[in-house]
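Residue-level structural notes
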Amino acid sequence: RSLCFSIADGALPSNEGRGYVLRRMLRRAARYGRTIGLTKPYLKDLAKTVISEFSILTITFKLWLAILFCENEIMLITEKAIISNVFFIVLNFYQR
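Just so we're clear, the structure is a prediction, and the values are computed from it rather than from any experiment. (Residues numbered from 1 in each chain as written. Predicted model: local features only at pLDDT ≥ 70, side-chain atom pairs only at ≥ 80, totals over all residues. Heavy atoms only, no water.)

Re the nonpolar core
Counting 15 residues, the largest nonpolar core has Leu22, Leu26, Leu43, Ala47 and Leu68 as its most contacted members. The set of elements that each furnish at least two residues to this core consists of helix 1 (2–8), helix 2 (17–35), helix 3 (43–53) and helix 4 (61–95). Ranked by the residues each element gives to this core, the list is headed by helix 4, at four residues. (Core = buried A, V, L, I, M, F, W, Y, C linked by side-chain atoms within 4.5 Å. Buried < 20%, exposed > 50% of the residue type's maximum accessible area, 1.4 Å probe, protein only. Helix = DSSP H or I, 4+ residues; strand = E, 2+ residues; numbered from the N terminus.)

Some points on helix 3
Taken as a whole, helix 3 has its buried residues at Leu43, Ala47, Val50 and Ile51. Down the axis of helix 3, the smallest arc covering the buried residues is 100 degrees, so these residues share one side. Opposite the buried face of helix 3, by more than 90 degrees, sit the exposed residues Ser52 and Glu53. (Arc of directions from axis to C-beta.)

A word on the side chain of arginine 23
Take arginine 23: it is sitting in helix 2. Here asparagine 15 takes part through its side chain, which lies 3.0 Å from a polar atom of the side chain of arginine 23. When neighbours within four sequence positions are excluded, arginine 23 is seen to be in contact with Pro13, Ser14, Asn15 and Glu71. (Polar contact = N/O pair within 3.5 Å; in protein donor to acceptor, adjacent residues only side chain to side chain. Contact = heavy atoms within 4.5 Å.)

Digging into the confidence of the model for the protein
Per-residue confidence for the protein gives a mean pLDDT of 76, with 76% of residues at or over 70. Within the protein, helix 2 carries the highest mean pLDDT (84), whereas helix 4 carries the lowest (70). (pLDDT = per-residue confidence, 0-100.)

Regarding the packing of aromatic side chains
In the structure shown here, the tally under the stated rule is zero aromatic pairs. Stacked on the ring of tyrosine 32, the Lys or Arg arginine 31 has its end atom at 5.4 Å from the ring centre. (Phe/Tyr/Trp six-rings, centres within 6.5 Å; stacked < 30°, edge-to-face > 60°. Lys NZ or Arg CZ within 6 Å of the ring centre and 35° of its normal.)

A few points about the environment of proline 13
Here proline 13 shows up in the loop between helix 1 and helix 2. Placed 13 residues apart in sequence, proline 13 and leucine 26 show a C-alpha to C-alpha distance of 8.8 Å.

Okay, structure coming up:
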């Protein structure tokens, strides 16, 4: 809910200020979803529910979904790259 209202207020994910906080909240929510077994990006579906409950958010509906989808996909790609890099570092260390 806080993510939806933040985007409606004009915050966009970035590297500084409230955009940084927004990005951290997005990534934390996605990470917790994976820990409970959700494999597909699920935040978009949650956003639809929040937006339907609060009619004031309908103006930014498409913007919210686009931001959420892009951030979630970027995070998944980044995490896969990090995991594979850690795997190769550990593998190289033990092969010595």
